[in-house]
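Observations on chain architecture
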Amino acid sequence: MIPSLYQQCIIQTPLSVREALDRLNSLRDVPLTLFVIAHDGSLLGTLTDGDIRRGLLAGATLDSDASSVMMRNFRAIFPGRDAEAVLEEARSLSLTLIPRLNDSGAIEEIVDLRKRRAMLPLDAVLMAGGRGERLRPLTLTTPKPLLPVGDKAIIDHNADALAACGVRNIFVTVNYKHELIEEHFAARKPEGTTVECVLEPAPLGTFGSIGLVSGLSSGNVLIMNSDLLTDLRFEKMYKHHIASGADMTIATVPYSVTVPYAILETDEGRCLSLQEKPTYNYLANAGVYIVKRSLLDCITGTERVDATDFIEMLLSRPDSKVVTFPIDGTWIDIGSPSDYQAACERMRLALSTAE
């Protein structure tokens, strides 16, 4: 269903140019664009102030039919078309509202490019079943994904970011205090998405509960820990996943270890070299993955499977390809009181800067 905010942009023929101008003048909180539909609901064209101005200069009057001045060669996301390419073209033309049409040519959704960065063909699974024991006593009454960071819960930052990338189907696997998370999403879900909570009857590891999720329909699935605070660009990670032909893409963050001693390199007791307090740089698993959906069929939902188990299984297959994608911005794994304080402080600064 199209939200009422955007339903005000839809008009039906016949109506005059004057009536179209009145509607444009009455629009609130949306870009000044009208979508002209026929009686059967099919989209005929789009109409802006500029279209009307050009029509009047060409000889139309305020009493002319608005369809005579509308843009018939409109941009839209048609079934089977590459949505990402349409959005990219729309941005290049400084368009803001793009309709997504069904097979009958009727509007199913109006994509607002002020809010939507992409239209990724992904389903998403947010893992939210952990007990958050290191964050006690905070998590004695509230599951960790629902702890507030800034103006919303941790998990909402991630769900909203997925929605901004056009992810429509979000599944949340729950266990500890699951009823609170279920109640949360019954009352609040990102615009344009469905959010389904999937109950894990017993702890199944970081990946085991994926076997309980039914309804995955996209060719690739984004899986992530729900207690991360990150500005990872999901659309860039997805494009990297597709371009590399990967079976699985793992988001990574840099991790350095400094040894506070001089380290000796030896060979049978003979010292070959010495490094004073060396630093070793690694890539750490960031808890965000994109996986081909077909590969998830081996997870039954009846036994414990951690992400590391699944990754090692793929690495053992000579025909599998696992690649990495670096996160070059914010990434905080909210696992301890200090991590939580850091996340809250970062969000406080971000909100104060925005004001």
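Described in the following lines is the structure provided in the data block.

Definitions and cut-offs
Residues numbered from 1 in each chain as written. Predicted model: local features only at pLDDT ≥ 70, side-chain atom pairs only at ≥ 80, totals over all residues. Heavy atoms only, no water. Patch = residues over 30% accessible without salt bridge, like charges linked within 9 Å, V, L, I, M, F, W, Y side chains within 5 Å. Areas by Shrake-Rupley, 256 points an atom, 1.4 Å probe, with all protein chains shown as cover. Salt bridge = Lys/Arg side-chain N within 4 Å of Asp/Glu carboxyl O. Helix = DSSP H or I, 4+ residues; strand = E, 2+ residues; numbered from the N terminus. Buried < 20%, exposed > 50% of the residue type's maximum accessible area, 1.4 Å probe, protein only. Core = buried A, V, L, I, M, F, W, Y, C linked by side-chain atoms within 4.5 Å. Contact = heavy atoms within 4.5 Å. Pairing = 2+ DSSP bridges. Axes fitted to C-alpha atoms, helices over the stretch in contact; angles between N-to-C directions.

1. Structural notes on a nonpolar patch on the surface
Side chains of Tyr 255, Val 257 and Tyr 282 sit close together on the surface and give an oily, nonpolar patch of about 310 Å² of accessible area. With respect to the secondary-structure elements, Tyr 282 resides in strand β16 (residues 279-292). Relative accessible area serves as the criterion here: at 47%, Tyr 282 is assigned to the partly exposed category.

2. Considerations on the nonpolar core
Judged by nonpolar contacts, the single largest core of 34 residues is most densely connected at Ile 170, Val 172, Leu 222, Phe 234 and Val 288. Not counting the four nearest positions on each side in its chain, Leu 222 is found in contact with Leu 122, Asp 123, Ala 124, Val 125, Leu 162, Phe 234, Val 288, Tyr 289 and Ile 290. Ranked by size, the runner-up nonpolar core spans 28 residues in total, among them Leu 27, Val 30, Leu 34 and Ile 37.

3. With respect to the sheet that holds strand β10 (residues 194-199)
Strands sit in the order β10-β9-β6-β11-β16-β13-β17 across an open sheet of 7 strands; the sheet is mixed. Since the sheet does not close on itself, it has two edges, and those belong to β10 and β17 (322-326), each with one partner. Taken pair by pair, the neighbouring strands of this sheet meet at an average axis angle of 35°, ignoring direction. Bridge analysis of strand β9 (residues 169-174) against β10 gives 6 bridges, and the strand direction is parallel. Paired with Val 172 across the strands is Cys 197, a residue of β10.

4. Some points on the sheet that holds strand β2 (residues 34-37)
A sheet is described by the order of its strands in space; here 3 strands give the open sequence β1-β2-β3, paired in mixed fashion. Looking at which strands have only one partner, the edges of the open sheet turn out to be β1 (10-12) and β3 (43-47). Ignoring which end each strand starts from, the neighbouring axes of this sheet average 30° apart. Strand direction decides the pairing type here: β1 and β2, joined by 3 bridges, are parallel. In the sheet register, Gln 12 faces β2, and the bridge partner there is Ile 37. Strands in contact with helix α2 (residues 17-26) are β1, β2 and β3; relative to β2, the strand with the most contacts, it is inclined by about 140°.

The quantities given are spatial measurements derived from coordinates; they are silent on function.
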